[in-house]
Amino acid sequence: SAKQNGRDNARFYEAYMAEDVANLFQFEQVIKEALLKDQFSLVYQPQYDHQRQGIFGLEALIRWHHPERGNISPAEFIPMAEESNLICQIDEFVIEEVLKCLKEWQNADVDIVPIAVNISGRHMVSVGFVDYIEQKLTEYNVSGRWLKIEITEGVFIHDVSQCVDIMSALNALGVEISVDDFGTGYSSLNYLKTLPLDILKIDQSFVRECGDSAEGDKICEAIIQLANNLDLQVIAEGVETELQATVLQQLGCHLHQGYYYFMPETKESVSDRLRQQTHNKALKHG
Ligand code: C2E
Ligand code: MG
Ligand code: MG
Ligand code: MG
């Protein structure tokens, strides 16, 4: 059950508390084994565009199925993996899977949409990251416009000038960049003027308050206006109710992601959905 999983995850976390060097080493062994034994997989959550009335993108989300511990949430192990260099191997696993998927869709009868991957900020600014992305896009013969990168604000605090260079190079490959969990990173807003960003994702905690009260709408409204003024796209994340969906649209945000529309689902289900969407469009216009 979900409750049982929660308890197991809490125990998992306690068992591998990252501050303890010996335990971090143990945790790294467990992750390495998970990578070798194919315990990681991806699910894809469709994102909905109200104006075009269809799916405009997907977010790839990692899942870990451990043979004894069951499913372990990325909210548990990603922060720990970020303490070690293994996050790079996890990121690379995700990028390969996503590019495989895009290549497959390119060769099949599927109307492709961009897929966003979550990348650790520290990894993005590390030496060789852009070269790696460029090399992988070439290897899979996929255009960078189908790959998007989501990062959280944390990385902007220390590495602004590095970020400018790296993000410009990614943009040159056609790879767009989103700020994930926007508004929760305690960083200065100064970076918004400096960095070549494309998208702000309103954090779920603000979306949750949307429609509750006039006060509840205020932060979303401010973020949407900020995005508009800076010529950035804005995606609301964690939309769960019709009320939230309606209020966000009234505030001018038409790109939504959340359980109200779609759960994260397998590649197969998402392929079917995209095929269906292509089919419906053909009926409408043909
Ligand atoms: P995130 O990038 O902000 O991802 C959104 C999270 O919200 C996902 O949880 C998604 O399943 C969940 N979500 C989507 N819609 C709703 C909704 O309507 N209500 C609620 N309550 N939740 C919703 P998930 O998959 O557990 O991922 C949690 C976090 O773990 C992600 O937050 C991201 O920071 C990290 N993560 C997930 N997959 C990856 C990955 O492949 N690589 C890296 N580096 N981090 C990942
Ligand atoms: Mg994300
Ligand atoms: Mg988020
Ligand atoms: Mg998050």
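Residues numbered from 1 in each chain as written. Chains lettered and ligands numbered in written order. Predicted model: local features only at pLDDT ≥ 70, side-chain atom pairs only at ≥ 80, totals over all residues. Heavy atoms only, no water.

An unreviewed UniProt entry annotates the protein chain as Diguanylate cyclase of Marinomonas piezotolerans.

**Student:** Lay out the coordination of the magnesium ion (ligand 3) in plain terms, naming residues and giving numbers.
**Tutor:** Within the first shell, the magnesium ion (ligand 3) binds the protein through Asp180 (OD), Asp181 (OD) and Glu237 (OE), at distances of 1.8 to 2.3 Å. Between the magnesium ion (ligand 3) and the magnesium ion (ligand 2), a spacing of 4.3 Å is present, and a bridge between the two is formed by Asp180. A relative accessible area of 8% means that Asp180 is categorised as buried. (Donors = N, O, S within 2.8 Å, 3.2 Å for Na, K, Ca; no water. Buried < 20%, exposed > 50% of the residue type's maximum accessible area, 1.4 Å probe, protein only.)

**Student:** Give me the lowdown on the site of ligand 1, citing residues and values where you can.
**Tutor:** Residues in close proximity to ligand 1 total 21 residues, the closest being Arg63, Asp180, Gln204, Glu240 and Tyr259. In this structure, Glu59 approaches ligand 1 through a side-chain N or O atom, which is 3.0 Å from an oxygen atom. Glu237 is positioned such that a nitrogen or oxygen atom in its side chain is 3.3 Å from an oxygen atom of ligand 1. Isolated, ligand 1 exposes 790 Å² of accessible area, and the fraction of that covered by the protein chains is 84%. Residue contributions to the shell around ligand 1 peak at four residues, all from strand 2 (residues 54-66). When the residues that make up the shell around ligand 1 are grouped by side-chain class, the tally is eight nonpolar, five polar and eight charged. (Near = heavy atom within 4 Å. Polar contact = N/O pair within 3.5 Å; in protein donor to acceptor, adjacent residues only side chain to side chain. Areas by Shrake-Rupley, 256 points an atom, 1.4 Å probe, with all protein chains shown as cover. Helix = DSSP H or I, 4+ residues; strand = E, 2+ residues; numbered from the N terminus. Nonpolar A, V, L, I, M, F, W, Y, C, P; charged D, E, K, R; others polar.)

**Student:** Could you give me a rundown of the packing of helix 4 (residues 86-107) against helix 6 (residues 129-140), with the residues and numbers involved?
**Tutor:** Between helix 4 and helix 6, whose axes approach to 10 Å, the crossing angle comes to 30°. Our classification of the angle between helix 4 and helix 6 gives roughly parallel. Read as a crossing pair, helix 4 and helix 6 show a hand that is right-handed. In contact with Glu92, Ile95, Glu96, Leu99, Lys100 and Lys103 of helix 4, helix 6 contributes Phe129, Tyr132, Ile133, Lys136, Leu137 and Tyr140. (Axes fitted to C-alpha atoms, helices over the stretch in contact; angles between N-to-C directions. Parallel < 35°, antiparallel > 145°, perpendicular 65-115°, else oblique. Left-handed = near helix turned anticlockwise from the far one by under 90°. Contact = heavy atoms within 4.5 Å.)

**Student:** Give a detailed account of helix 11 (residues 214-229), specifying residues and quantitative values.
**Tutor:** For helix 11, with 16 residues, the first-to-last C-alpha span of 22 Å sits near the 22 Å given by 1.5 Å per residue. Elements that come into contact with the buried residues of helix 11 comprise strand 6 (176-182), strand 7 (199-202), helix 10 (204-209), strand 8 (233-237) and helix 12 (242-250). Positive phi appears at Asp231, one or two residues downstream of helix 11, with a value of about 65°. (Expected span 1.5 Å × (residues − 1).)

**Student:** Describe the environment of Ile235, with residues and values.
**Tutor:** In this structure, Ile235 sits in strand 8. With 123 residues separating them in the primary sequence, Ile235 and Ile112 have C-alpha atoms 19 Å apart.

**Student:** Please provide a residue-by-residue account of the environment of Asp49, values included.
**Tutor:** Position of Asp49 among the secondary structure elements: in strand 1 (residues 40-49). Taking the C-alpha atoms as reference points, Asp49 and Gly144, 95 residues apart in sequence, are found 21 Å from one another. Each residue touching Asp49, except ones within four places of it in the same chain, is listed here: Gly54, Phe56, His254 and Leu255.

**Student:** Mind laying out the pairing of strand 8, listing which residues take part and the relevant values?
**Tutor:** When you tally the buried positions in strand 8, you get four out of five residues, the bulk of the element. Across four bridges, strand 7 lies against strand 8 in parallel orientation. Directly across from Ile202, in strand 8, lies its bridge partner Ala236. Pairing of strand 8 with strand 9 (residues 255-257), which is carried by three bridges, proceeds in the parallel orientation. Considered in strand 9, the bridge of Glu237 is made with Gln257. Taken together, strand 8, helix 12 and strand 9 constitute a β-α-β crossover, and its handedness is right-handed. (Pairing = 2+ DSSP bridges. Right-handed = clockwise from strand over helix to strand, strands pointing away.)

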